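# Fold and geometry: a report
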Amino acid sequence: MSEVMLKIENLHVTAEGTEILRGINLEVGAGEVHAIMGPNGAGKSTLSNVLSGRPGYEITAGSISYFGEDLAALEPEERAAKGIFLGFQYPVEIPGVAAMSFLKTAINAQRKLRGEEELDARGVMTLVQGEAKKLNIGADMLKRSINVGFSGGEKKRNEILQMAVLQPKLAILDETDSGLDVDALKLVGEGVTALRAPDRAMIVITHYQRLLDYIVPDFVHVLAKGRIVRSGGAELARELDQLGYGDLAKVPAA
Amino acid sequence: MADRDMNRDVMNGPGMAEQAWVDALADRAAAGGAARAAALTAFADLGLPDRRREGWRWTDLNPLRSGEFTTVAPKNTGKVPPELLSDPFAVARGHRLVFVNGYFREDLSDTSGLPEGVLLGSLAAAGEQCDPFGPDTGFSLLNQAGATDGALVRVAPGVALSRPVHLQFVNMDGGCHMQTQVKVELGQGARATLFETHDGVTDAAYFASQLATVSLADGARLDHYRLQDEAKSSFHFRDLRAALAAQAGYESFTLSTGARLSRNSGFIRFDGAEAECGYHGAYLLGGMQQADTVTQLQHAAPECVSAQNFRGVLDDRARGTFQGCITVEKPAQRTDAQQSIKALLLSPRAEQDAKPELEIFADDVKCAHGASTGNLDPDALFYLRARGIPQAQARALLIEAFVSEVLDNLSAVTLPQDGAGQLRDGLRARMEMWLAENGTGE
Amino acid sequence: MAASQDTIEKAEALGESYKHGFVTEIESEFAPKGLNEDIVRYISARKNEPEWMLDWRLRAYRRWCEMEEPQWAKVDFPQIDYQDAYYYAAPKGYDDRPKSLDEVDPELLETYEKLGIPLAEQAMLAGVAVDAVFDSVSVVTTFKDKLEEVGVIFCSISEAVQEHPELVRKYLGSVVPYSDNFHATLNSAVFSDGTFVYVPEGVRCPMELSTYFRINAQHTGQFERTLIIADKGSYVSYLEGCTAPMRDENQLHAAVVELVVLDDAEIKYSTVQNWYPGDKEGRGGIYNFVTKRGACRGRNSKISWTQVETGSAVTWKYPSCILQGDNSVGEFFSIAITNNRQQADTGTKMIHLGRNTKSRIIAKGISAGHSQSTYRGLVSVHPKAEGARNHTQCDSLLIGDECGAHTVPYIEVKNPSAQIEHEATTSKLSEEQLFYCRQRGLDAEAAVALLVNGFCKEVLQKLPMEFAVEAQKLVGVSLEGSVG
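Predicted, not measured: the structure shown is a model, and the values here were computed from it.

### Topic: the interface of chain B and chain C
Many structure descriptions define interface size as the accessible area lost when the parts assemble. On the side of chain C, 40 residues touch chain B, which itself brings 39 residues to the contact. Linking chain B with chain C are five salt bridges, by the criterion used here. In this structure, Glu357(B) and Lys74(C) form a salt bridge, with 3.7 Å as the shortest nitrogen-oxygen distance. Across the contact surface, chain B and chain C share 17 residue pairs in polar contact (both at pLDDT 80 or more). Counting residues per element, the side of chain B that touches chain C draws most heavily on strand S18 (residues 351-360) of chain B, which supplies 10 residues. Where S18(B) meets strand S19 (residues 404-413) of chain C, six bridges bridge the pair, whose relative direction is antiparallel. Note on S19(C): the bridge partner recorded for Leu358(B) is Thr407(C).

Shown next, in the form of structure tokens:
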């Protein structure tokens with residue numbers, strides 16, 4: 001196994017008094033792609049929210065270590081600057097803030113937090129336009145308010161664009177396939193695959209196997225009732241696609 | 001605004017108008033117990049409002065200051081013209097209370113077959129009065145001092161009135177005033193439908209004032225529909241105070257076509273969480289008529305929903321005014337409050353004034369209001385005419401569609417299945433009557 | 001410190017004579033506390049005003065004595081004692097002012113830093129001595145030459161009374177009469193100075209005019225009076241204020257601005273108001289009671305008010321348009337931000353008198369901390385205003401649960417062909433949006449600034465370019481400490 005990037009141990013999380021994650025254990029190494037699958041309500045989105053630091057979740061037991069550092073102690077923006085990227089299931093609309101200027105603000109906020117030199121407008125523009133082209137995102141879309149009036153496919157492509165531009169170390173993609181038609185799915189899937197790199201890990205959260213036709217995972221984990229109930233290789237996803245979650249969800253964790 | 005101070009009004013000498021009212025009501029107030037006497041004293045102190053008082057800047061009250069209406073209407077026990085006793089809502093088999101000149105007429109009323117736990121009848125007979133919450137106005141105090149009678153609707157917890165209650169107020173004489181009250185109390189989970197009609201003899205010039213209190217306990221539901229078609233030279237002032245407990249529901253719609261000057265004022269307070277209120281109305285006016293609509297929806301509890309939709313149609317020199325305030329107090333988080341007022345001006349001399357106001361002290365709320373004024377869309381009118389519909393009919397069609405935006409959204413959940421449809425038909429029939437007489441254009 | 005060194009050199013370069021002259025003048029300009037007819041006469045005499053000007057001031061003063069202070073605005077502050085104030089060149093402002101930037105409140109300097117204000121300007125804004133103002137003398141001269149070439153008159157109102165009495169007599173008080181309202185009437189009696197602009201027929205003013213670059217407008221104190229006239233077919237853009245908070249000792253500001261626009265002419269008037277708002281507990285701060293009104297007298301005339309109001313403890317201000325000329329246009333674009341204990345009651349009046357007159361209102365209110373923000377407006381369509389149009393949009397944003405946002409629009413329509421639309425919404429800063437921004441690496445304050453700037457975008461776009469960038473920064477700075 002390559003260098004361990006993320007190590008989750010016995011993670012218990014509650015939201016509004018209800019325990020949602022009940023003892024997650026997971027190790028993610030550099031360059032690896034992990035798929036997390038599971039039925040609705042299994043705790044998939046909670047896991048992505050806790051990793052990125054969304055307010056409203058309480059870690060009651062266990063730990064998350066990221067490059068040996070306790071992740072729970074960091075603010076969301078500090079995690080972002082350290083390379084954690086969350087691709088939102090429902091990207092938020094922000095009226096009045098153009099997609100391009102949002103990216104510029106985000107890039108430079110992260111660079112500043114890391115103590116790096118900020119990029120000027122031209123630098124950002126060159127960077128963004130190059131990546132945008134690959135994802136079939138036109139200049140027009142970058143001028144519009146971020147996600148406002150974007151179609152489902154546009155929102156998700158915009159998320160992948162941000163990922164490409166921000167160059168994270170750990171990308172968590174939360175149900176990136178939801179709301180996409182076949183063409184958009186292909187575009188997004190290929191976009192993500194192109195971003196695979198030896199020093200970058202990904203956690204792909206999905207309900208269905210179809211996204212994994214485009215992003216072939218190294219590991220597949222099944223999450224049910226707040227625990228990982230089974231782990232395997234890419235073939236596990238296809239097995240699930242044929243058999244469904246029915247039996248697995250019933251199996252208590254070891 | 002800055003120039004408001006310049007809108008000063010000529011008064012008939014300080015306190016003179018008020019003194020005439022005090023003199024006229026002194027005997028009645030003295031005979032009616034401490035509450036009435038106290039109301040009259042408070043009235044003498046507060047006085048009638050004038051244009052300098054916020055909320056009255058668009059209303060000329062000089063006719064009510066003239067002393068013309070200070071006489072109490074005579075008791076009328078005679079025959080009432082049948083057209084004044086018709087039931088525009090076509091809700092036969094309903095319970096009915098009739099008041100003529102402000103006095104209960106048992107002979108014309110029908111309270112038979114009431115379910116157990118329902119009290120329906122004359123307030124005076126029950127020895128009761130409205131006890132309104134909220135700020136006093138000169139008119140609310142006058143009413144408390146001098147009301148002759150009114151309707152009492154009290155429904156015990158858990159009881160549902162399956163048949164609607166029709167409250168009918170008929171005014172037969174001019175040169176006097178009629179003051180009535182409506183007191184509605186629904187216990188926990190109780191349900192009722194209330195229809196209210198206000199009519200008067202053609203050409204009679206009178207002042208009709210009504211104070212209404214509605215108290216809905218947890219989960220109670222009241223549907224309340226009103227037709228105000230008072231005589232064209234009369235004055236009609238109505239002052240509602242409604243308090244909603246948790247999960248209570250209240251739907252109200254008033255169609256105003258009558259009176260020279262009418263004022264429909266509603267103060268609705270959300271005391272319990274998750275209560276819902278739809279408070280709506282429409283006014284169709286011609287001639288020199290003026291209708292004031294005043295609403296104050298006070299959200300004091302969390303997660304309540306309120307919707308207000310008003311439509312005004314103004315012909316000739318008619319004037320519509322709307323002053324609506326939504327207040328969201330600090331505890332009222334997750335309030336969803338919406339308000340819309342739209343007016344159609346059909347004539348060059350018609351006027352619409354509006355003041356849709358928001359007062360928000362809680363941060364997690366969804367509040368919106370909209371107001372618009374305009375005339376009939378010439379494109380739509382032309383489209384209809386191009387399809388062969390004559391001008392007058394096309395106008396009528398568009399006006400009806402304009403008001404129907406509100407009518408069609410009445411839910412009328414306390415009525416039986418086909419009841420909501422009947423209600424809309426009844427209101428629409430009234431609208432068509434008005435359109436036949438007005439609003440069909442030059 | 002570099003700034004003071006810089007300043008000393010500049011002052012020396014300007015020579016002794018100017019310095020002395022200035023000091024002497026200060027010492028001689030002094031009126032006792034309080035207000036009465038003698039003070040009004042004193043002010044007029046000090047300015048060597050003609051008889052008609054004094055008469056006008058006296059009429060205003062007598063009228064003011066009969067007036068009551070308005071109470072209807074949704075603002076709450078202790079009763080002002082009008083006899084306990086200086087009405088002419090209050091000397092405390094000069095004696096108390098800091099000698100160098102070292103003496104200025106470090107928090108204020110930190111704010112300048114964030115706004116990227118150059119040191120020399122920082123000194124001027126903070127009121128450090130008079131010399132900082134000298135820095136702009138050369139700028140002013142350049143300006144004046146260029147304007148004189150095209151015939152634009154741009155001077156102090158006192159100067160205009162002397163040099164252009166016919167214009168001042170014709171237009172002063174023609175939009176805001178001396179009897180208009182309590183604060184405007186007080187201003188009419190005692191106004192100290194202000195700006196006068198006249199743009200002659202057919203002239204497009206070659207540059208943005210701004211009080212910022214006119215030295216004598218810097219210390220005109222509590223009762224500024226501005227009069228701008230755009231003659232037929234002319235255009236002028238006027239900028240008032242600056243983006244950095246002005247250190248100011250005066251608690252009460254009662255300014256009057258009058259605009260007159262003739263046929264086919266246009267005035268664009270932009271304000272960034274960032275007076276001292278008081279501290280976090282609401283101590284101190286300016287009471288800003290301003291009457292601003294423009295008359296679109298001519299056909300096809302246009303007035304556009306854009307304001308960014310972030311300062312003052314109490315703001316009471318309704319820049320308005322009287323749309324007299326047929327086809328005239330009035331616009332009001334406003335951002336009002338209140339934080340801590342600030343209170344703002346602001347909006348506009350659009351009075352439609354002429355045919356086919358149009359008005360547009362976009363008001364964005366942002367309340368944070370314990371503040372209260374009110375939009376109050378009037379759209380009035382008179383019977384002859386055939387074809388009048390108005391569209392009003394008022395959006396309020398609440399940050400935190402201790403503040404309030406209120407909307408009080410009055411709509412009066414007396415013409416059936418008028419189309420009037422009003423929309424208002426109130427919402428809170430969304431947790432979802434905040435988290436989205438933070439996930440992408442923005443800290444909480446940067447996220448708030450970004451989201452609020454997005455909320456205000458439509459109005460920020462209306463500002464002249466060089467102002468817009470600073471105003472954007474100001475939005476962020478004004479809301480510091482409002483989350484987290």
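There's plenty left to go through after this.
### Quick notes on the nonpolar core
Judged by nonpolar contacts, the single largest core of 112 residues is most densely connected at Ile366(C) and Val452(C). With nine residues, the top contributor of residues to this core is helix H14 (residues 444-460) of chain C. If you look at the next biggest cluster of nonpolar residues, it comprises 101 residues, including Ile268(B), Ile341(B), Ala343(B) and Val381(C).

### Some details on the sheet that holds strand S2 (residues 18-29) of chain A
Residue and element names in this part refer to chain A. Taken in spatial order, the four strands of this open sheet run S2-S1-S4-S5, and their pairing is antiparallel. The outermost strands of the open sheet, each flanked by one partner alone, are S2 and strand S5 (69-70). As defined by bridge partners, strand S4 (residues 57-66) adjoins S5 across two bridges and the pair is classed as antiparallel. In the strand pairing of S5, tyrosine 66 is matched with glutamate 69. Each of strand S1 (4-15), S2 and S4 touches helix H1 (residues 44-52); the most contacted strand, S1, lies at about 115 degrees to it.

### Overview of the sheet that holds strand S6 (residues 84-87) of chain A
Residue and element names in this part refer to chain A. Taken in spatial order, the six strands line up as S6-S9-S10-S3-S11-S12 in an open sheet, and their pairing is mixed. Only two strands of the sheet have a single partner each, and these edge strands are S6 and strand S12 (227-232). The average undirected angle you get between the axes of adjacent strands in this sheet is 20 degrees. Summarising the sheet, strand S9 (residues 170-174) and strand S10 (residues 201-206) pair through five bridges and their orientation is parallel. The residue of S10 that forms the bridge with leucine 173 is valine 204.

Reading the values: rules and limits
- Residues numbered from 1 in each chain as written.
- Chains lettered and ligands numbered in written order.
- Predicted model: local features only at pLDDT ≥ 70, side-chain atom pairs only at ≥ 80, totals over all residues.
- Heavy atoms only, no water.
- Contact = heavy atoms within 4.5 Å.
- Salt bridge = Lys/Arg side-chain N within 4 Å of Asp/Glu carboxyl O.
- Polar contact = N/O pair within 3.5 Å; in protein donor to acceptor, adjacent residues only side chain to side chain.
- Helix = DSSP H or I, 4+ residues; strand = E, 2+ residues; numbered from the N terminus.
- Pairing = 2+ DSSP bridges.
- Core = buried A, V, L, I, M, F, W, Y, C linked by side-chain atoms within 4.5 Å.
- Buried < 20%, exposed > 50% of the residue type's maximum accessible area, 1.4 Å probe, protein only.
- Axes fitted to C-alpha atoms, helices over the stretch in contact; angles between N-to-C directions.

Worth remembering: the numbers are spatial, not functional.
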